[in-house]
Amino acid sequence: MLDDTFSNQPILPDNLPKVSSQAFTPLSPMYMKVNLMCRLTFWLIVVSALLSLYWQPWFVLPKTLELYLPQLQLAAGIFGLLTSAYGIIADKNKGYALREHDFSYRSGVIFKSVVSQPVLRIQHVELKHGPIDRHFGLSTLEIFSAGGTMHTFAIPGLPDEKARELRSYVLTHSDIAEND
């Protein structure tokens, strides 16, 4: 006897769920502050190095370098402020969404991106903590898909406890296949 349970009905594009209606959870405000602090510290070091080069008494700078070094310092300072402002906007646009059957990550300002991974296709999940993240209680959750060597996406700036909860949920959520 033939089993007639196979179905392959057409789905109209108008009936698809809207990605824009997906509710994304923003990253931790602490992540945004830490990122801003790191960016500003980096550019402060660059500008300070240029200033110390300009004022150092040990050797004579070439005339062209001595002439254009103040403009270079100003350009580095302005570029540092602009990249920091862009970083604030970019960090505010990052977010994640966990639904019954998939996990999504949104990022981007100019080139926006939404990456979704079915929970059933997640091979493993890793938590990463750099020294700065550890100091501020933040983690990066990396989601690996089955068959891939690199992570599908990484969600930075999660509070440690939230990252552990998400990791635990994904790892123990293999019962979806049994219920379908």
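A brief look at the structure comes next. In this text the structure is predicted, and so the values were computed from the model without any measurement. Along each chain, residue indices are assigned from 1 in the same order as the chain's sequence is written. Given that the model is predicted, a residue must reach a pLDDT of at least 70 before its local features are reported, and side-chain atom pairs must reach 80 or more before they are shown or counted; all residues, however, enter totals for whole chains, interfaces and linings. The side-chain values count all of the structure's non-hydrogen atoms but skip hydrogen atoms and water molecules.

**Remarks on helix α1 (residues 29–55)**
Where we set the bar: Working definition: helices are DSSP H or I runs of at least four residues, strands are E runs of at least two. Numbering for both runs from the N terminus. Here the expected span of a helix is defined as 1.5 Å times the quantity of residues minus one. Think of it in three bands: residues with accessible area under 20% of the maximum for their type are buried, residues over 50% are exposed, and the middle band is partly exposed, with areas taken using a 1.4 Å probe on protein chains only. Any N or O atom pair separated by 3.5 Å or less is treated as a polar contact, with the protein-specific requirement of one donor-capable and one acceptor-capable atom, and with residues adjacent in sequence counted only for side-chain atom pairs.
Over its 27 residues, α1 extends 39 Å from the first C-alpha to the last, a length consistent with the 39 Å expected when each residue adds 1.5 Å. For α1, the full list of buried residues reads Y31, V34, N35, R39, W43, V47 and L50. For α1, the capping residue at the N-terminal end is S28, with a side-chain oxygen 3.1 Å from the backbone nitrogen of M30.

**Considerations on the environment of A146**
Where we set the bar: What makes two residues a contact is simply this: any of their non-hydrogen atoms within 4.5 Å.
As for its placement among the helices and strands, A146 is situated in the loop between β6 (138–145) and β7 (151–159). Of the residues examined, A146 reaches a relative accessible area of 45% and is grouped as partly exposed. For the pair A146 and A75, spaced 71 residues apart in sequence, the C-alpha separation works out to 46 Å. With sequence-adjacent residues up to four places away left out, A146 is seen in contact with R121 and Q123.

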